[in-house]
Amino acid sequence: MKFFSYLVTLLLMVSCASKHPNSRTLSSVEKDLTGHYLGVADYKSPHPGPNKAAIRIYFHPTEGEPGKYTAVLVEYVDLLKMAPSYIISNKLPFLAKRVGFLNSISRNISAYEVNPGVKENTFELWPLSVEGDQIVAKKEGQPRILTLDESEGLKNVMEGATISSVNPGEPKEIFFPKKDDKKRNGIQYGTAKLAYSKAKLDSTWRKQYLRGPYLSQYAKKDDVVLNLGKNADGDTASFVINEKYGKGKASRRERVFTNKKSAFLKGEFKAIEPRDGMFLLQSTDSDEKTASIVHGRIGLFIDVFDATKSLGQDVVEVAFINPADPEDFLMYYEHPDNGEGTKENEVK
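What you are looking at is a predicted structure, and each value in this text was computed from that prediction instead of being measured.

Observations regarding the overall build of the chain
- Looking only at helices and strands, the chain features 8 helices and 19 strands.
- A buried classification covers 46% of the 348 residues belonging to the chain.
- Put simply, of all contacts in the chain between residues at least 6 apart along the chain, 57% involve residues at least 24 apart.
- As displayed, the chain has an accessible area near 18100 Å², and 54% of this comes from carbon and sulfur atoms.

Structural notes on helix α6 (residues 187–198)
- For α6, spanning 12 residues, the distance from its first C-alpha to its last is 16 Å, which sits close to the expected 16 Å at 1.5 Å a residue.
- Looking one or two places after α6, you find K200, whose phi comes out positive at around 55°.

Some details on the packing of aromatic side chains
- Taken as a whole, this structure holds 16 aromatic pairs when the rule is applied.
- Ring centres 6.4 Å apart and planes at 75° place the aromatic pair Y76 and Y196 in the edge-to-face group. Within this pair, whereas Y76 is found in strand β3 (residues 69–76), its partner Y196 is found in helix α6, the two being separated by 120 residues in sequence.
- The class of Y196 is buried, set by a relative accessible area of 8%.
- Between F279 and F301 the ring centres are 5.6 Å apart and the planes differ by 85°, which places this aromatic pair in the edge-to-face class. Residue F279 is found in strand β15 (residues 278–286), and its partner F301 is found in strand β16 (residues 298–306); the two are separated by 22 residues along the sequence.
- Put simply, the rings of Y76, Y86, Y196, Y218 and F305 touch in pairs and so form one group of aromatic residues.

Considerations on the pattern of salt bridges
- For the structure shown, the criterion picks out 19 salt bridges.
- As a salt-bridge pair, K183 and E173 come within 3.1 Å of each other at their nearest N and O atoms. Of this pair, K183 sits in the loop between β9 (173–175) and α6 while E173 sits in strand β9, and the two are 10 residues apart along the sequence.
- Given a relative accessible area of 22%, E173 falls into the partly exposed group.
- Between K244 and D222 there is a salt bridge; the shortest N-O distance is 2.8 Å. Here the residue K244 occupies a position in the loop between β13 (234–239) and α7 (250–254), and D222 occupies one in the loop between β11 (212–215) and β12 (224–231), the gap between them amounting to 22 residues.
- For K244, a relative accessible area of 59% translates into the label exposed.
- Sharing partners across several salt bridges, the network here consists of D42, K44 and K52.

Quick look at the environment of G277
- Tracing the backbone shows G277 in the loop between β14 (267–275) and β15.
- G277 gets classed as buried once you look at its relative accessible area, which sits at 0%.
- Put simply, G277 and K207 are 70 residues apart on the chain and 3.9 Å apart in space, counted from C-alpha to C-alpha.
- Excluding its chain neighbours within four sequence positions, the residues that come into contact with G277 are W205, K207, G299 and L300.

Thoughts on helix α4 (residues 79–91)
- With 13 residues, α4 ought to run about 18 Å at 1.5 Å a step, and its terminal C-alpha atoms sit 17 Å apart, in line with that.
- Within the sequence span of α4, burial applies to L79, M82, Y86, I88 and S89.
- Along its buried surface, α4 packs onto β2 (52–61), β3, α5 (93–99), α6 and β16.
- The N-cap of α4, judged by a side-chain oxygen 3.1 Å from the amide nitrogen of L80 a few residues on, is D78.

Some points on unusual backbone geometry
- At D180, a residue that is not glycine, the phi angle is positive and equals roughly 65°.
- Here D180 is to be found in the loop between β9 and α6.
- Phi at K200 takes a positive value of approximately 55°, unusual for a residue other than glycine.
- Relative to the assigned elements, K200 resides in the loop between α6 and β10 (202–206).

Structural notes on the pairing of strand β17 (residues 317–322)
- Burial runs high along β17: 5 of the 6 residues are buried.
- Relative to β17, β16 runs antiparallel, the two being bridged by 5 bridges. Paired with F301 across the two strands is V318, which belongs to β17.
- Pairing geometry for β17 and strand β18 (residues 325–334), over 6 bridges, is antiparallel. Directly across from F320, in β18, lies its bridge partner L330.

Focus: the nonpolar core
- Membership of the largest hydrophobic core comes to 42 residues, with the highest contact counts inside it found for V72, I109, M278, L300 and F305.
- Setting aside its immediate chain neighbours within four residues, M278 contacts T70, V72, A111, L128, I135, W205, I272, E273, I298, G299 and L300.
- Y209, L210, F239 and I293 belong to the second largest nonpolar core, which has 24 residues in total.

Looking at the side chain of E75
- Note that E75 resides in strand β3.
- Each residue touching E75, except ones within four places of it in the same chain, is listed here: A41, Y43, H47, A53, A54, I55, S106, R107 and N108.

Quick word on the confidence of the model for the chain
- Mean pLDDT over the chain works out to 89, with 90% of the residues at or above the 70 mark.
- Under a pLDDT of 50 for its full length, residues 1–24 has, in the predicted model, 6 contacts with residues more than four places off or in other chains.
- Throughout residues 343–348 the model reports pLDDT below 50, and contacts reaching past four residues in sequence, or to other chains, amount to 15 contacts.

How each quantity is defined
- Residues numbered from 1 in each chain as written.
- Predicted model: local features only at pLDDT ≥ 70, side-chain atom pairs only at ≥ 80, totals over all residues.
- Heavy atoms only, no water.
- Helix = DSSP H or I, 4+ residues; strand = E, 2+ residues; numbered from the N terminus.
- Buried < 20%, exposed > 50% of the residue type's maximum accessible area, 1.4 Å probe, protein only.
- Contact = heavy atoms within 4.5 Å.
- Areas by Shrake-Rupley, 256 points an atom, 1.4 Å probe, with all protein chains shown as cover.
- Expected span 1.5 Å × (residues − 1).
- Phe/Tyr/Trp six-rings, centres within 6.5 Å; stacked < 30°, edge-to-face > 60°.
- Salt bridge = Lys/Arg side-chain N within 4 Å of Asp/Glu carboxyl O.
- Polar contact = N/O pair within 3.5 Å; in protein donor to acceptor, adjacent residues only side chain to side chain.
- Pairing = 2+ DSSP bridges.
- Core = buried A, V, L, I, M, F, W, Y, C linked by side-chain atoms within 4.5 Å.
- pLDDT = per-residue confidence, 0-100.

Shown next, in the form of structure tokens:
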């Protein structure tokens with residue numbers, strides 16, 4: 001009897017060993033998340049903005065580490081309210097001078113390190129933070145969990161997937177609609193999906209440092225406030241105060257920008273790239289206030305509405321996100337005539 005009990009115990013131990021967390025990640029590693037996907041942020045309770053907001057997540061694989069990625073999560077503003085400003089700024093600049101150019105296309109932006117989870121078909125999303133000259137995963141508390149749908153015949157790897165919530169203020173669930181899942185996707189998701197489809201738009205996270213002039217608002221060509229360039233030491237960033245608009249009442253100038261903190265930034269910075277496609281700015285000649293606002297932010301080049309192929313329009317947004325507050329990001333809009341960083345400000 002004792003021998004039988006011992007045998008059962010041994011078999012149970014072997015069984016448990018075969019289910020070690022490291023072995024359960026195999027199917028997750030085999031899934032390729034690379035790309036970008038449109039989804040729904042379901043807040044399930046009143047908050048600023050739509051309760052079912054449209055979001056987009058971008059996955060970039062980590063070189064040499066199968067199953068690991070860097071991800072950027074962007075939540076759109078209310079697209080129904082944004083559309084008139086987008087059209088006017090793009091097609092009717094003479095009218096935009098009176099009613100205002102577009103300056104708000106995203107409500108929050110966050111970045112994550114993505115690793116295979118303990119359970120099969122799951123991934124852990126750890127928020128990125130800045131430590132000195134490095135961008136690292138902040139592995140404190142609990143990660144957000146991405147759970148993939150295990151059904152067959154899905155259109156893409158993220159169809160039917162969900163992302164959990166961890167912190168207050170986050171959507172209770174982010175989900176990626178699946179046919180016949182009986183979830184209400186909301187008008188924002190429907191609007192985004194239709195707009196991208198009908199206008200043949202794309203959405204891209206650019207990995208390269210795109211040099212050239214950047215504007216305070218979309219298509220406001222005479223309001224350059226940031227120049228990204230290059231010198232003998234590498235990539236540079238120069239914040240400037242546009243004298244044409246930088247005078248007068250401060251509150252009026254602040255309202256022009258995506259973030260009012262951008263209104264009076266001035267100074268020179270060098271750019272480094274601690275992670276692929278993610279940049280930090282380090283002051284070389286700037287005032288203390290500008291440096292305090294810019295330091296510790298992660299720079300990203302994202303073309304939220306990429307019309308390069310459909311309309312020949314190439315306007316990338318550069319966002320400097322605050323890892324501690326996804327709503328506190330600085331955003332600037334590439335000059336429409338810049339192209340793929342062709343008008344770089346090089347110091348000879």
